[in-house]
Amino acid sequence: MVFLQQTKYKGCKILTTSRRLDVLKLMDSHPNISIETLKEDEAWNMFNKMAGRIVERSDLESTAVEVAKRCTGLPIAIATMA
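Here goes a summary of the coordinates provided. (Residues numbered from 1 in each chain as written. Predicted model: local features only at pLDDT ≥ 70, side-chain atom pairs only at ≥ 80, totals over all residues. Heavy atoms only, no water.)

Going through the model one piece at a time under the given rule, you end up with one aromatic pair. Considering the side-chain rings of tryptophan 44 and phenylalanine 47, the 5.9 Å spacing of their centres and the 20° angle between planes classify their relative orientation as stacked. Of the two residues, tryptophan 44 and phenylalanine 47 both sit in helix α2 (residues 40–51), three residues apart, roughly one turn of that helix. We classify tryptophan 44 as partly exposed; its relative accessible area is 23%. For phenylalanine 47, a relative accessible area of 4% gives the class buried. (Phe/Tyr/Trp six-rings, centres within 6.5 Å; stacked < 30°, edge-to-face > 60°. Helix = DSSP H or I, 4+ residues; strand = E, 2+ residues; numbered from the N terminus. Buried < 20%, exposed > 50% of the residue type's maximum accessible area, 1.4 Å probe, protein only.)

Turning to unusual backbone geometry, a few remarks are in order. One non-glycine residue with positive phi stands out, namely aspartate 28, at about 55°. Turning to its location among the elements, aspartate 28 is positioned in the loop between α1 (21–26) and β3 (32–33). Residue aspartate 28 is classed as exposed on the basis of its relative accessible area of 59%. A positive phi angle, near 45°, is found at threonine 72, a position not held by glycine. Mapped onto the elements, threonine 72 comes out in the loop between α3 (61–70) and α4 (75–81).

Printed below as a string of structure tokens:
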């Protein structure tokens, strides 16, 4: 779930994410937008694209695959780790 909050400061917004809708509801957040996790091949493609050609190195490829799997299809985690 994603919650984007407008603040009293012009041009500022707060993006809050949670795997649990009840947590966002406790924060009185709205609108809440559900975002599904990526499938394994989609997650790997995103990780590969963001990390660049370094993941193709034979000495790093298995580590890159493991890191991508540990992101469990979460786009924010993939973008951060890549």
